[in-house]
Amino acid sequence: MNTIIAIIPALPFISFLILVLFGGKLSRRASGWIGAGSVGIAALLTIITGISLLNSVTGEKYYTIILWKWIHAANLNAEIAFRLDSLSLIFCFVITFVGFLIHIYSIGFMEKDEGFTRFFAYMNLFVCSMLILVLADNILLMYLGWEGVGLCSYLLIGFWYKEPENGTAARKAFIITRIGDTAMIIGIFILFVSFGTFNIQDIMQLAQAKWAVGSSIAVITAALLLGGALGKSAQLPLQTWLPDAMAGPSPVSALIHAATMVTAGVYLIARTNVLFSLAPAVQTVIAIIGALTLLIAGFSALAQHDLKRILAYSTISQIGYMFLALGVGAYSAAIFHFMIHAFFKALLFLAAGVIILVLNEEHDIFKMGGLRKKMPAVFWTFLIGSASLSALPLVTAGFYSKDAILWFSYSSINGSIILWMAGVMGAFLTALYSFRMIFITFFGKTNTEPSFKAGILMTAPLLILAVLSLFGGFVELPASLGSVHLFSGLVNQVLPGVVIKNIENMEWLFQLISGVIALSGIYLAYRFYYRKPAYMETFKNSRLNHFFEKGFEFDKVYDTVFVKPVVWLAETDKKDFFDQLNISIAKLALLGNRVMSLTENGKLRWYLLSFAIGIALILTLMMTQ
Amino acid sequence: MLTVPVETQILFAGILFFIGLVGLLVRRNLVFMLMSIEIMFNSAGLVFIIAARHWDQPDGQVMFIFILAVTAVEVAIGLALILQVYHHFKTLDVDAINKLKDDNS
Amino acid sequence: MILVYIIVILLAGAFLAWISGNLSQVWPRIISLITLSIDLLLIITYLTQPTPFSSKWMIDIQYDWITQFGIGIHFALDGLSLLMLLLTFVLGIISVLISWKEINVKVGFFHFNLLLILAGIVGVFLSLDLFLFYFFWELMLVPMYFLIGIWGHENRTKAAYKFFLYTQASGLLMFISIIALYFVHGNSTGIFTFDYIQLLGTHMAPSTAMLIMTGFLAAFLVKLPVVPLHNWLPDAHSEAPTAGSLILAALLLKTGAYGLFRFIVPLFPAASVTFAPIGMALGVIGILYGAKLAFAQTDLKRLIAYTSVSHMGFVILGIFSFNELAYQGVVMQMIAHGISTGALFIMAGQLTERIHTRDITQMGGLWEKAPFMGAIGLIFSMASLGLPGLGNFIAELLILTGAFKASIIMSVLACLGLIAATLYSLRIMQKVFYGKKNNDWKMNDLSLREKIISITLVIIIAGLGFYPQPVFDIAKPALLKTLEQHTDKTVQQKEPVGEEFKLKSNTSLYKISNPL
């Protein structure tokens, strides 16, 4: 069983190599099925390993394997070693299973694209890197996976490389996440220099033993690791790259920018939770960042008119929820929401991809409309996805996961009523913008006609994900509704449980409130966007709407403060002022030449004069000695 | 016989030399420069004669004859060169003969 | 004896190549290839031998030469030199292969110069007699001047002059220092010698040591290169032919780093410690300033040249950290940078051969025409920015961690270089291979010969990224020996190995290691 966990990431990597080396000679079908198949088999192996892990009766609930000694220099040791415990298992499951569905979808989606093989090569490399990230036993290997997913994200966002804007979006993503990664590597240095090891489990134990709660070194290290998480997960203040990343194909947005890579930050914080519990200040910051991000992203989503950008801001917002949960110590709630979010967000992106493809690359929702009757399968799955996103009470999985977060944001000892209010406001916004999407895209007059019907390869994954979005939540039911704790039981093997304040269990009340909020959001969406009264038109043209649409103008601020000065700095000194030293030496030599050549003017009398002067001088010297 | 002090005689030769030198430096015509060189040679010869008289040795006078011979040869060659210069440059202005000038281009 | 043979074979090959150039254009290339392969095979036989620790060397040969002045022929091989020689011969073979089609004029003379440069480099890596070292140091210069001046691009004359004058002047300063050291040693012990082993441990007054070290530093800092003495590099690299750029970037720069290891650190223990803060600061400035300049260039080879400046900043940062971890990183960086920047220069040369311009504003969208070249460019751009899984990451990681132990603030500033590297590496990819086509060039993808070269380099760099252990094992005794010679004479430095480092309560994070 231990060897299988090494095979899980190896399969996509082997498939990547095959596609890179022999892709030119394989047929499209073959490359597509090799690409998707490797992920599929990996998913199967994950499930097998998972069942084995769940059924294991021995005390240790994890599998490890050391492949080879990676670096062994001076006192720095790191191996290529993998470790699968329940946290990694959940992530592996989502990555491989949802990834498999997305790969199947891509066979249909990218059918007519000339870069078909290249696409699957990059996607497989991504899946391999992400698996390495979550399976890594030591933090250096995790960093390898971390950067690997960053690379693949760059390659896939800029996949259609002929358009320069795609390249710009790809570079923006890479650079912003690299800023976070640099903070993270400094944190890793501090950890290594303090503890002499990169192994995550050892670090956690040593930190617990040696660092005091709230000590400055713990705070600094935790803050640096948080920096890395913020970059990858697109939270404040490093969230500006995600909406632009929608330039990539929809399967990429689904896999990387919804389900997996952007949740790497959540994984990091969960994995190194000991460090964060040693730095309560940082944990509070996580919660605050989560709350702020979910609100800002929620408002921004409300003003977008590009279908994928709405979903992008929605992703930022939902990850904000996960950060909020992490910040208050509700780790299992955060992971639960991650899993459910992966299902419905992937569903939404894939469905959006179908719409965009079928409407000939139309992204603007105001140019869509009336697709309810024209594309029923897409409509119903999209509706289920949005309902889950809006946390429609009781029937959708999203309700259970988001609700857990909202409850813990108040009831945890690190929680507060303000955090809860932010979360509820966010829930309202979520329902509002989700159903704005639905009403404008699927109802009303059809502005653009669908040009063809999507095939089974694209529709089947939608259906499967829709089912999961509805029923996936039943593994974790709150006390008021049946108290099923399958999921949190699994997670709490590895992560600490949430500590609740000493209050009575009013969870039912909070669920009631959030249910009402969700429904009222849907109703208001109906009133504003279906009935379309006049004041919506004025709002659409207002300054506030424009501010929301630009994502609170973060892009402009960063452009002025960072981008323009750096470009100016690079441009002004292009010729390298240090070269002036050489140029001045050369000029000095030339000057000397010009001066001295005045004495070589070819005039005989000049020479004679110098003779005479010389003789006079010598005679003077001789006479005065 | 009029006894002129040696210093005066040498001074006279020096003045002659100086006249020759100045003539060499100031005149632009090659022929006149050659003449000035002649004057300088003769002043040097005069110094030899003065010294010979002063020390009562005949060697100075022998030197003077050497100098005459050398001067004659030198003038012959110099005039030949001047002829060539005139042939080439069509002028005897020494400032015009600056082909060895350092051109900074 | 084998060490002498290596150099002699190179010299013999050089002359043969020159003469055979009169016969045909192909013979010099083949002769060079054979010469270098023989030498490579000779060196490979030492790969599996265990390198003994302490002051022992793997091979050590010594002959008398000019005994009146204490000059002898002293060659020695240890782990560090072994790795450098491997790099030299592998990249030498590759440089012959890439100039197969590129050089068509005076081919014999070209290969003569090429092999002479390599002979000079090999001599530098092997010499333990300071006079001999200087001899080979200067031997590297003149053939390289010819290489740039005859077969280079438009501004080759100016670039060749600049290169020659810079390195020659700094070399002369080093020569003065060598002679000064000779006299200082002679005056204090009565033995006048140029031999390295005997010169180790010369007692010098601190000011004398500082002055003599400055002379040596002049030569090595110019070669490395370190800002502000780096200006010869962009011109020389961009105007040289591809093989010239490759040898310059991959090998010549490493002689500077090697000099720092072999001479500065052991010969001047106290003075080098005094210089260390300046050295590390220069390293950080080099990293950031080099990256900034690289980002702004429109000439592809100049851009890559400035990335060399940036990467070599890591080297000097690591050397002046004085711990084994950083030194392993420096060795790895020397090898990985040689491979990755060399590969980028090769790619630039291949592009120039096809479209006859180095201006990236004229390129764009070339992935469509040459996807293989694009993929290679992508891999090595990622190596340049330090992506894990490729050799450069290991190097930078070790250097930064080692530097972190010596000076936190320098290490953190150097980390900013990681972000800066991203800027220029992605610029290369975007401007050359992605984006709109600025010109519709008719170009072929890589030929079989070019593909073999590129794939070899990819395998090496990926191998270094995932399995760097052999490099560390070979280099370890040599590096420990250097450190041992260094710390014997200076205050003992405590290495916080595996211990936690304690922060004072006012959290001053400036220095955690002692005395500087």
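Description of the structure in this document. (Residues numbered from 1 in each chain as written. Chains lettered and ligands numbered in written order. Predicted model: local features only at pLDDT ≥ 70, side-chain atom pairs only at ≥ 80, totals over all residues. Heavy atoms only, no water.)

### Re the nonpolar core
Ranked by internal contacts, the top residues of the largest apolar core, which has 429 residues, are Ile335 of chain A together with Phe216 of chain C. Counting residues per element, this core draws most heavily on helix α15 (residues 331-358) of chain A, at 22 residues. Ignoring sequence-local partners within four residues, the contact set of Ile335 of chain A consists of Leu87, Ile90, Phe91, Val266, Ala270, Phe487, Val491 and Leu495 of chain A. Counting eleven residues, the second-largest nonpolar core is a separate cluster that includes Leu608 and Ala612 of chain A together with Leu24 and Leu25 of chain B. (Core = buried A, V, L, I, M, F, W, Y, C linked by side-chain atoms within 4.5 Å. Buried < 20%, exposed > 50% of the residue type's maximum accessible area, 1.4 Å probe, protein only. Helix = DSSP H or I, 4+ residues; strand = E, 2+ residues; numbered from the N terminus. Contact = heavy atoms within 4.5 Å.)

### Comments concerning the packing of aromatic side chains
All told, the structure shown has 75 aromatic pairs over all chains when counted by the stated rule. Here Phe399 of chain A and Tyr400 of chain A contribute two aromatic rings whose centre-to-centre distance is 5.2 Å and whose plane-to-plane angle is 70°, an arrangement assigned as edge-to-face. Here Phe399 of chain A falls in the buried class, since its relative accessible area comes to 5%. For Tyr400 of chain A, a relative accessible area of 7% corresponds to the buried category. Residues Phe547 of chain A and Phe548 of chain A carry aromatic rings whose centres are separated by 6.4 Å and whose planes lie at 40° to one another, so their mutual orientation is tilted. Each member of the aromatic cluster is reached from another via a ring pair, and the members are Phe15, Trp18, Phe109, Phe110, Phe112, Tyr145, Phe146, Trp151, Tyr161 and Phe164 of chain C. For Arg29 of chain C, the ring lying beneath its charged end belongs to Trp100 of chain C, and the centroid distance is 5.8 Å. Stacked on the ring of Trp137 of chain C, the Lys or Arg Lys223 of chain C has its end atom at 4.5 Å from the ring centre. (Phe/Tyr/Trp six-rings, centres within 6.5 Å; stacked < 30°, edge-to-face > 60°. Lys NZ or Arg CZ within 6 Å of the ring centre and 35° of its normal.)

### Topic: the environment of Gly79 of chain C
Residue and element names in this part refer to chain C. Here Gly79 is to be found in helix α3 (residues 79-98). Taking the relative accessible area as the measure of exposure, Gly79 reaches 2% and is therefore buried. Remark: the alpha-carbon pair of Gly79 and Gln49, spanning 30 residues in sequence, is separated by 10.0 Å.

### Observations regarding the pattern of salt bridges
All names here are of chain C. The full count for this structure, using the stated rule, is 29 salt bridges over all chains. For the salt bridge of Asp78 with Lys481, the shortest nitrogen-to-oxygen distance reads 3.2 Å. Linking Asp78 in the loop between β2 (71-77) and α3 with Lys481 in helix α18 (residues 469-487), this pair joins segments that are 403 residues apart in sequence. A relative accessible area of 3% places Asp78 in the buried class. The buried category is assigned to Lys481, whose relative accessible area is 4%. (Salt bridge = Lys/Arg side-chain N within 4 Å of Asp/Glu carboxyl O.)

### Notes on the arrangement of the chains
Where the two pairs of chains in contact are concerned, the greatest contact count is recorded for chains A and C. One thing to see here is that chain B and chain C don't touch, and their nearest C-alpha atoms sit 18 Å from each other.

### Quick word on the interface of chain A and chain C
At the junction of the two partners, chain A supplies 54 residues and chain C supplies 65 residues. A per-residue breakdown of the area chain A buries against chain C is headed by Tyr161, Phe189 and Val193 of chain A, which together make up 13% of the total. Our enumeration of links across chain A and chain C arrives at three salt bridges. Measuring nitrogen to oxygen at the nearest pair gives 3.0 Å for the salt bridge that ties Asp579 of chain A to Lys162 of chain C. Linking chain A to chain C there are 15 residue pairs in polar contact (both at pLDDT 80 or more). (Buried area = accessible area lost by both parts, 1.4 Å probe. Polar contact = N/O pair within 3.5 Å; in protein donor to acceptor, adjacent residues only side chain to side chain.)

### What about the packing of helix α8 (residues 216-233) of chain A against helix α13 (residues 280-303) of chain A?
All names here are of chain A. Relative to each other, α8 and α13 sit at 25°, their axes nearing to 10 Å. Judged by the inter-axis angle, α8 sits roughly parallel to α13. Like other packed secondary-structure pairs, α8 and α13 cross with a definite hand, here right-handed. Only Val282, Val285, Ile286 and Ile289 of α13 make contact with α8, whose side of the interface consists of Val219, Ala222, Ala223, Leu226 and Leu230. Residue composition of the contact of α8 with α13, by class: nine nonpolar, no polar and no charged. (Axes fitted to C-alpha atoms, helices over the stretch in contact; angles between N-to-C directions. Parallel < 35°, antiparallel > 145°, perpendicular 65-115°, else oblique. Left-handed = near helix turned anticlockwise from the far one by under 90°. Nonpolar A, V, L, I, M, F, W, Y, C, P; charged D, E, K, R; others polar.)

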